[in-house]
Amino acid sequence: METKGCAPSPGPGSPGWLRPDAVMKMRKLKAKRRALQARMSNSSPLQIAIPKPLAGLTSQPSVKRKNPFKHSPNKKGREEDNDPEISCDATLFQLLNNTGTPQKDSNLSCDFSHVLGNKENEKQSSSKPEVVWTDSLVVDWSIKSRMRFMSKKVLPWKHNFKTSEEASGTTGFVRCLTSSSSSDSDPTLDTSANAQFYQGCLVWQHPNIPWLQLFPRDHVKTSAAQTSIFGKEQKLCDSLHGEWSESLRSLHQLLRVRQCPYFYVCGPTFTCLFRAAGVGGISHAHALITPTTRGFRDAMKNEDIEFSMPLCDDPVGEGEDEEEELEEDEKPSEEEDREGATSWLEDLGLETSQFPNLNPHRIKLEQKKYKTIDRFPSSMVYVEGIETQGLINFLLNSKSCTSTTGPLAGVPPTLLAPVAFQGSTLKALKVKSSIIRQDTDSLYSIELSGPVLPHTVQQLTRLLALSLDTFSVNLTPVISTLPFSHHRHQEAAAVPQAFAQEGLIDCGLDKEIRSQICKTSLDNDSELPSIYREIKFQSPNFTWTDTL
């Protein structure tokens, strides 16, 4: 039965009634909309209306409250003038920004960022060294085991050689013909870029044993369990050593008459570089050996070979001046032990001079001195003039030149030269071409692996510079040969470069390369290092660094 005068009570889902939490959500939503409209309509970006918390059920537009503690503008200006901290800040900003009035409030962060940005830019500019460009490469006398050319443009070389290219390159290398002289002497020879590239990839080597790695020898692992057939059969070892001796004598004769500019002797524990007279501005034939040990140097002294150690602070004297200092520092107990050993030897009828290794003073001296020299770059030995003949005889007869264990047991050192000599084998570097993806760019690459001699780097970079405007070269040197480029010979009367080039006119290298190898160390004294692992070319200049 329906009762009059009473309103029906709608359910919770009726549209006429809202729950309290729904009412609060609607009011908050309306307040956010009004705040957003106020921000959009406001012209100044710094005056932003921030919505305040709702008080009560009715929503009111957000109004910025007045700050009761705010000072008047005139009073604030007077306080700023009297405040020493604010005045110091003003002076600071005036000095940093070079402006008449300091920046205030919101611009402070901009001023700091501007100042800090300038300091960071100055720091970055000071940390980056200035790139030096030259029109030619200095000669790096270290041997390279790998060489890679890279360019964004297609290289004019290919690793697949035609018959005419390979034949002409071989003929030009054997006859020591350059691109200009070959066209005059034999017009039938191919003088294309690929033929000249193949000519630059050739080298003379002895011995040649295909199943053994004869270069580089630094990475050959020696093991007593592995012994080559030459180490087991004495007749084979003697025969191989006899052929090697003839090849070394032939190379030395070519060097003496300046028909070979230089050659390398790569032994199991050292590498020797022989250079003809005039190379490096030195008036005599000379040789560099690195690294060396005390035993190796003592053996050279026993053969009466005079040498110097240009990279060592205390050269050939070998610490003799330190003997008196060590004698003063010896303890009484050590003196008693030495006297006891001396008396014991005298009782046996022997002299202590016959047993120098039993002297504790000498043992201490050797431990202090030679541990910092042996097998390091500072142990490099320099031999000059007639002493090079004695060094050749020493290498022919020394047992340290041939390993007695490992896969290269009984195999003599590897001889490398840019010209032919007796018993030499013509070897070609391994060539591999590829395309390298670097970020979004494609780089065309050609990689050479094998004994890359100094003149090879000069020839190939000059050849590629004739075809491309820009390219880069990455090189991997044999670490033990790096001291060769550190040598700086100070000679009172150096050979004039013109006479040195004329003396080496029959050495098989063209005029430009002869000009580079005949430069003195003073001529090559520049801001760029003489050892390079990365070369960059931008026509017509080169630059290089000793790190990748």
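Structural data are supplied above this passage.
Each value, and the rule that gives it
- Residues numbered from 1 in each chain as written.
- Predicted model: local features only at pLDDT ≥ 70, side-chain atom pairs only at ≥ 80, totals over all residues.
- Heavy atoms only, no water.
- Helix = DSSP H or I, 4+ residues; strand = E, 2+ residues; numbered from the N terminus.
- Buried < 20%, exposed > 50% of the residue type's maximum accessible area, 1.4 Å probe, protein only.
- Contact = heavy atoms within 4.5 Å.
- Pairing = 2+ DSSP bridges.
- Axes fitted to C-alpha atoms, helices over the stretch in contact; angles between N-to-C directions.

## Focus on the overall build of the protein
Step number 1: Of regular secondary structure, the protein possesses 18 helices and 13 strands.
Step number 2: Counting over 548 residues, the protein shows a buried share of 37%.
Step number 3: If you take every contact in the protein between residues at least 6 apart in sequence, the share linking residues at least 24 apart comes to 73%.

## Remarks on the sheet that holds strand β5 (residues 286–290)
Step number 1: Spatially, the 7 strands line up as an open sheet ordered β6-β5-β4-β3-β7-β2-β8, and their pairing is antiparallel. Unpaired on one side and paired on the other, β6 (381–384) and β8 (425–428) mark the two borders of the sheet. The average undirected angle you get between the axes of adjacent strands in this sheet is 25°.
Step number 2: Bridge count between strand β4 (residues 271–275) and β5: 5 bridges; the pairing is antiparallel. Bridge pairing in β5 places arginine 275 opposite histidine 286.
Step number 3: Helix α5 (residues 163–174) rests against β2 (202–206) and β8 of the sheet, and its axis sits at about 60° to β2.

## Observations regarding the pairing of strand β10 (residues 441–452)
Successive residues of a regular strand alternate their side chains across the two faces of the sheet.
Step number 1: Both strand β1 (residues 144–151) and β10 contribute to a ladder of 7 bridges, which runs antiparallel. Residue pairing across strands places arginine 146 opposite serine 449, the latter belonging to β10.
Step number 2: Judged from the 9 bridges that link them, strand β9 (residues 430–438) and β10 form a sheet pairing that is antiparallel. Bridge pairing in β10 places lysine 432 opposite glutamate 447.
Step number 3: Between the antiparallel neighbours β9 and β10 lie 2 residues, among them aspartate 439 with a positive phi of about 60°.

## Considerations on unusual backbone geometry
Step number 1: The omega torsion of the bond from histidine 206 to proline 207 falls at -5°, within 30 degrees of zero and hence cis.
Step number 2: The topology assignment puts proline 207 in the loop between β2 and α8 (229–232).
Step number 3: Put simply, serine 539 and proline 540 share a cis peptide bond, and its omega is 5°.
Step number 4: Following the sequence through the fold, proline 540 ends up in the loop between β12 (534–538) and β13 (541–545).
Step number 5: The backbone phi angle of arginine 258 is positive, close to 65°, even though this residue is not glycine.
Step number 6: Topologically, arginine 258 is positioned in the loop between α9 (234–256) and β3 (262–266).
Step number 7: With a phi angle near 60°, aspartate 439 is a residue other than glycine that sits in the positive phi range.

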